[in-house]
Amino acid sequence: MQPILELQQVHKHYAMAGEQVPVLRGIDLTIDRNEYVAITGPSGSGKTTLMNILGCLDRPSAGSYLLAGQPVTCLDEREMAGVRNRAIGFVFQSFNLMSRATALQNAMHPLLYRKMGRAERQQRGMDALCKVGLADRAGHLPSQLSGGQRQRVAIARALCGSPSILLADEPTGNLDSATTRDIMALFDALWADGSTIVMITHETDIADHCHRVIRIEDGKVSADRRRQRNG
Ligand SMILES: Nc1ncnc2c1ncn2[C@@H]1O[C@H](COP(=O)(O)OP(=O)(O)OP(=O)(O)O)[C@@H](O)[C@H]1O
Ligand SMILES: [Mg+2]
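Described in the following lines is the structure provided in the data block. What you are looking at is a predicted structure, and each value in this text was computed from that prediction instead of being measured.

Reading the values: rules and limits
- Residues numbered from 1 in each chain as written.
- Chains lettered and ligands numbered in written order.
- Predicted model: local features only at pLDDT ≥ 70, side-chain atom pairs only at ≥ 80, totals over all residues.
- Heavy atoms only, no water.
- Helix = DSSP H or I, 4+ residues; strand = E, 2+ residues; numbered from the N terminus.
- Buried < 20%, exposed > 50% of the residue type's maximum accessible area, 1.4 Å probe, protein only.
- Contact = heavy atoms within 4.5 Å.
- Donors = N, O, S within 2.8 Å, 3.2 Å for Na, K, Ca; no water.
- Core = buried A, V, L, I, M, F, W, Y, C linked by side-chain atoms within 4.5 Å.
- Near = heavy atom within 4 Å.
- Polar contact = N/O pair within 3.5 Å; in protein donor to acceptor, adjacent residues only side chain to side chain.
- Areas by Shrake-Rupley, 256 points an atom, 1.4 Å probe, with all protein chains shown as cover.
- Salt bridge = Lys/Arg side-chain N within 4 Å of Asp/Glu carboxyl O.

Points about the environment of Ile216
Then, in step 1: Its place among the elements puts Ile216 in strand E9 (residues 212–217).
Then, in step 2: Judged by its relative accessible area of 0%, Ile216 is buried.
Then, in step 3: Along the primary structure Ile216 and Ile39 are separated by 177 residues, whereas in three dimensions their C-alpha atoms are 7.1 Å apart.
Then, in step 4: Every residue in contact with Ile216, bar those within four places of it in the chain, is listed here: Ile27, Ile39, Thr40, Gly41, Pro42, Ser45, Lys47, Leu50, Val221 and Ser222.

Shown next, in the form of structure tokens:
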């Protein structure tokens, strides 16, 4: 079976004050369809940088990235945006909500790029907000929401298009344990429907919940272990 995500010798460096600062230093990684993966590692090790490349938000400086067998490296900006909108749901570490849009408008935003009428988009957006427990905050702007509520709007936005790949950067970082359990149940349901889940987390119980844990240290994969699954 063809892997859904495949990185070969991916390097990423940033230019800072005329110098190239290496962040990813030769990542080889293959993720199959419908895997449920955690990415862990120290702060600054390159996890978000890696996730941005997986999500077609950024490009490798060197190396290749195949998404469902297609070389992403060859796509132009418009094609990259197309892939993002069709296949990928993204939960950003910093939420990235539109500040002038309500919770509902934020949640339904990815559906703008689908062939879908306004009423259906609104219905799906509301369904997603209900799932994250925010039905009663649909009309609030991000500035009128708590930090954890903003995070849940960001999760609703990622889930509402039923993406075939969910990429989530610390999705439960600021949430209480009951809300975290609810969010994980939503991710589990998406996974049970066939989606591939890749999630950055610092929390060991969340990582243990995933079926595979990849550790990034200093821009390289330092460990990659699959958990024995019961049943
Ligand atoms: N746009 C950028 N320009 C320059 N350096 C950057 C840029 N983005 C990230 N870096 C650097 O790359 C390194 C890795 O950053 P990254 O955000 O990937 O880390 P991380 O593993 O996600 O950390 P955290 O757990 O704190 O979120 C850091 O040292 C950071 O300073
Ligand atoms: Mg990060």
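The rest of the description comes next.
Focus: the coordination of the magnesium ion (ligand 2)
Then, in step 1: Taken together, Thr48 (OG1) and Gln93 (OE1) make up the protein donors of the magnesium ion (ligand 2), found 2.0 to 2.4 Å from the metal. With Thr48 in helix H1 (residues 47–54) and Gln93 in the loop between strand E6 (88–91) and helix H3 (103–108), this pair connects stretches of sequence that are 45 residues apart.
Then, in step 2: Here Gln93 falls in the partly exposed class, since its relative accessible area comes to 44%.

Points about the nonpolar core
Then, in step 1: Residues Tyr36, Leu129, Ile155, Phe187 and Met199 are the most contacted members of the largest nonpolar core, which totals 39 residues.
Then, in step 2: Among the elements of the structure, strand E3 (36–40), H3, helix H4 (118–131), helix H5 (147–160), strand E7 (165–169), helix H6 (177–192), strand E8 (196–200) and helix H7 (204–209) are those that each provide at least two residues to this core.
Then, in step 3: It is H5 that provides the largest number of residues to this core, a total of 7 residues.
Then, in step 4: Every residue in contact with Leu129, bar those within four places of it in the chain, is listed here: Ala103, Leu104, Ala107, Leu134, Ala135, Ala138, Val153 and Ala156.
Then, in step 5: One finds Val37, Ile39, Tyr65 and Leu67 within the second-largest nonpolar core, a separate group that totals 31 residues.

With respect to the site of ligand 1
Then, in step 1: Around ligand 1, the structure places 13 residues, and the nearest of them are Ser43, Gly44, Lys47, Thr48 and Thr49.
Then, in step 2: Within the side chain of Thr49, one N or O atom sits 2.6 Å away from an oxygen atom of ligand 1.
Then, in step 3: Interatomic distance of 2.9 Å between a side-chain N/O atom of Gln93 and an oxygen atom of ligand 1.
Then, in step 4: Burial of ligand 1 by the protein amounts to 62% of the accessible area it has alone, namely 640 Å².
Then, in step 5: When contributions to the shell around ligand 1 are tallied by element, the ones reaching two or more residues are strand E1 (5–16) and H1.

So, unusual backbone geometry
Note: most peptide bonds trans; most residues except glycine with negative phi.
Then, in step 1: Unusually for a residue other than glycine, Ala68 sits at a positive phi of about 50°.
Then, in step 2: Within the secondary structure, Ala68 is located in the loop between strand E4 (62–67) and strand E5 (70–71).
Then, in step 3: Phi at Asp218 takes a positive value of approximately 50°, unusual for a residue other than glycine.
Then, in step 4: You can call Asp218 exposed: its relative accessible area is 54%.

So, the pattern of salt bridges
Then, in step 1: Tallying each qualifying case throughout the model produces 10 salt bridges.
Then, in step 2: Here Glu120 makes a salt bridge to Arg124, at a shortest N to O gap of 3.2 Å. Taken together, the positions of Glu120 and Arg124, both in helix H4 and 4 residues apart, correspond to about one turn of that helix.
Then, in step 3: Overall, the relative accessible area of 38% leaves Glu120 in the partly exposed class.
Then, in step 4: Linked through salt bridges whose partners overlap, the residues forming this network are Glu35, Arg212, Asp224 and Arg226.

Everything listed here is a matter of coordinates, which is why it stays silent on function.
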